[in-house]
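Understanding the architecture of this molecule
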Amino acid sequence: MMYDTISSNLLTDANLQLSQLLPESSFVEFDAHKLKNHRVVWSNPHNAPSFKLDDYAYCTPLASDSAKDYLDETKRYKADRYGGVGIGPNGGGARCGLIGGVQVKGIGRNQLAGTETPFWHSYGGETVAGGVREAIWGEICHFSLPYGGVRVHGIIDTGTSVPLFEANGNGEVTRRGLTLREAAIRPGHFVRSLFFSRKDEKLRQLCSDSERTRRAIFCLGDTFQSTFGGNESNALNSSYINTCLKLMFSRFATQIAVGNVKRIIHGAINASNICLDGKWIDFGTISTISDYGRIIINNTGPDVWEHSRVIKVASELIVSLRKYLPHTLASKIIPLGELSNHFHIEFKKRVRIEFLKLTGIPECRLAKIDEKSQLAFYDCIQKIISSGNKEPFKLYHPCPFYVAHMPDKMGDFHLNTIMKIVATCRNAEEADRRLSIELTNQSLRKEFIFTFWNIKNAFLAQFNSTSIRNAWCFMAINCLRVNMNIPELYRHTLDKAINNFLISESDASLFINPLVNKAKTLLMDPVDRTLDLSDWFLGRATLSLDTGFVINGSPIDFQIGVKKIKSGILSANQIKELLVYGN
């Protein structure tokens with residue numbers, strides 16, 4: 001992946017404590033009680049925690065809990081204060097507790113829960129199912145997106161229960177969980193919580209949210225330095241802050257562009273659901289999608305190609321900086337229009353590259369193809385996507401009993417299906433014949449084939465006679481891989497599957513780990529021109545531009561390798577076409 005490589009302590013040290021970056025006024029302390037009947041249901045095998053998960057088996061009791069569920073032992077946690085439009089009348093993480101570099105989600109209601117906040121956003125609990133979803137998406141984002149996602153160390157079943165969200169007041173309950181995840185700093189830590197009431201602040205003996213924000217803003221320069229690097233003796237200067245704001249929104253643009261083309265949509269980006277370094281956090285609305293239409297996956301908000309939520313984050317940050325910095329600095333903060341334009345320019349640059357990668361050509365080789373050919377193919381892709389995709393549409397209906405179904409395609413044509421067909425075509429004539437049903441617009445089909453073959457030929461021209469077959473075969477397999485769909489990760493499908501699994505199983509690794517491995521295989525970019533395809537084979541398997549298939553340490557001919565792919569990964573027709581293609 002060719003993204004910015006500026007050093008970042010936050011990216012390399014997941015256990016960096018927020019208390020090192022924010023003032024004391026950004027936290028409020030509370031006590032949690034030791035659980036008696038808890039059990040660990042998942043520990044991250046890809047990022048093994050350096051501590052005992054059982055040491056974090058503390059939470060604040062709910063009204064329905066029994067004294068028998070707890071031991072006579074408490075531990076002091078911190079709740080972090082932040083703001084932004086996404087948190088309503090709360091004053092920050094109303095159900096989270098920090099200790100060291102670990103944040104526990106679902107620990108219980110704390111002093112940051114607003115008295116006017118609706119029950120589901122203030123009662124303090126989390127389900128085991130919610131923790132499973134967070135764990136799955138934290139890992140998938142980590143492996144597939146340039147700046148990753150906040151990862152979960154482990155999940156604890158408290159041995160107690162919480163109300164079931166779908167129960168609609170009929171008294172049903174489900175298993176309560178604690179989600180132990182990386183602590184992360186967010187733009188919201190430097191933004192007002194405008195609807196957190198003064199009454200709540202006084203009742204809980206907190207400094208005003210305005211004062212909390214002012215003190216945090218004066219730590220922003222040092223926080224930027226920890227995140228983006230730099231050797232300024234005084235990080236709190238307008239030039240450095242503006243540079244870091246642009247770096248931050250470049251990362252936001254890149255992350256969202258990559259997600260959109262890989263069909264991973266967060267669904268609720270705001271100042272509290274994205275991290276300063278570009279990571280995503282809080283995955284309640286995230287979903288894969290089937291196509292590139294103007295879909296709205298959340299109950300509210302813009303479609304996936306409209307970025308008003310991100311621009312709102314920029315607006316909130318700039319307002320805070322201009323309000324709380326000294327006037328001599330505040331007057332020099334970058335205008336919102338300039339930062340917005342910067343975001344959109346960076347998004348367009350990255351989204352073009354990501355669409356071109358759907359050909360199966362790795363980015364390091366795309367960079368060697370002339371820009372005219374790249375632009376022609378990208379323009380053709382946009383014509384395919386936009387055909388029949390004029391209006392945004394909602395996946396979810398306001399009715400709580402409505403069952404959402406992801407459409408197979410969202411416009412007249414389905415780009416990923418078109419790419420999978422052309423992946424194994426040996427020439428333009430074969431492509432025209434095989435695409436005639438899927439891409440019925442004849443002039444658009446001919447434009448697609450012409451521009452695709454220009455890109456393909458420019459890629460293959462980079463190799464000599466001894467290595468061109470590996471390149472030819474790598475492109476075909478990679479094109480099939482990156483254009484595969486993962487319907488198991490559609491939000492409504494995943495939530496239902498998690499709930500069904502947890503009815504009878506307590507070891508969440510049996511559900512989480514295979515799904516993460518599948519997604520990692522399909523969504524992760526090649527590393528050093530090599531794909532890890534172990535999930536497709538019995539044993540360790542890679543496919544490289546340089547060496548072709550290597551299975552369990554031994555080089556394997558392409559056709560033999562294709563025959564060893566597990567049943568169900570590719571269709572019988574795709575296997576047949578690959579064998580002919582690689583002959």
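Owing to the predicted nature of the structure, the values given are computational and were not obtained by experimental measurement.

Before going further, it helps to spend a moment on the packing of helix H12 (residues 415-423) against helix H15 (residues 468-482). At a minimum axis distance of 9 Å, the contact between H12 and H15 shows a crossing angle of 160°. Here H15 runs roughly antiparallel to H12, going by the angle between their axes. Seen along the crossing, H12 lies across H15 with a hand that is left-handed. For the pair H12 and H15, contact is made by Met419, Lys420 and Ala423 and by Ala476, Cys479 and Leu480, respectively.

Put simply, side chains in a regular strand alternate between the two faces of the sheet. Residues Val102 and Val104 point to one face of strand E6 (residues 102-105) and Gln103 and Lys105 to the other, with burial holding for every one of them. Bridge count between strand E5 (residues 96-99) and E6: 4 bridges; the pairing is antiparallel. The partner of Leu98 across the bridge, within E6, is Gln103. The sheet contact formed by E6 and strand E8 (residues 173-182) spans 4 bridges and is antiparallel. The residue bridging Val104 from the neighbouring strand is Leu180, located in E8.

Before going further, it helps to examine the sheet that holds strand E15 (residues 548-551). Strand order in this open sheet of 4 strands is E13-E14-E15-E16, and the pairing throughout is antiparallel. Either end of the sheet is taken by a strand with one partner, and the two such strands are strand E13 (530-532) and strand E16 (554-556). The average undirected angle you get between the axes of adjacent strands in this sheet is 30°. Where E15 meets E16, 3 bridges bridge the pair, whose relative direction is antiparallel.

We now examine the pattern of salt bridges. A pair can form between side chains of opposite charge whenever their charged atoms are brought close. All chains considered together, the criterion is met by 39 salt bridges. Two residues, Arg175 and Asp157, come together in a salt bridge whose shortest N-O distance is 2.8 Å. Taken together, the residues Arg175 in strand E8 and Asp157 in strand E7 (residues 152-163) connect sequence positions 18 residues apart. For Arg175, a relative accessible area of 21% translates into the label partly exposed. In this structure, Asp209 engages Arg192 in a salt bridge whose closest nitrogen and oxygen atoms are separated by 2.6 Å. Of this pair, Asp209 sits in helix H4 (residues 209-217) while Arg192 sits in the loop between E8 and helix H3 (198-203); the two residues are 17 residues apart in sequence, bridging distant segments of the chain. Among the residues examined, Asp209 registers a relative accessible area of 1% and is labelled buried. Take Arg192: its relative accessible area is 24%, and that puts it in the partly exposed class. One salt-bridge network, in which partners are shared between bridges, spans Lys262, Arg350, Glu354, Lys357, Glu363 and Asp525.

Quick notes on the rules
- Residues numbered from 1 in each chain as written.
- Predicted model: local features only at pLDDT ≥ 70, side-chain atom pairs only at ≥ 80, totals over all residues.
- Heavy atoms only, no water.
- Axes fitted to C-alpha atoms, helices over the stretch in contact; angles between N-to-C directions.
- Helix = DSSP H or I, 4+ residues; strand = E, 2+ residues; numbered from the N terminus.
- Parallel < 35°, antiparallel > 145°, perpendicular 65-115°, else oblique.
- Left-handed = near helix turned anticlockwise from the far one by under 90°.
- Contact = heavy atoms within 4.5 Å.
- Buried < 20%, exposed > 50% of the residue type's maximum accessible area, 1.4 Å probe, protein only.
- Pairing = 2+ DSSP bridges.
- Salt bridge = Lys/Arg side-chain N within 4 Å of Asp/Glu carboxyl O.

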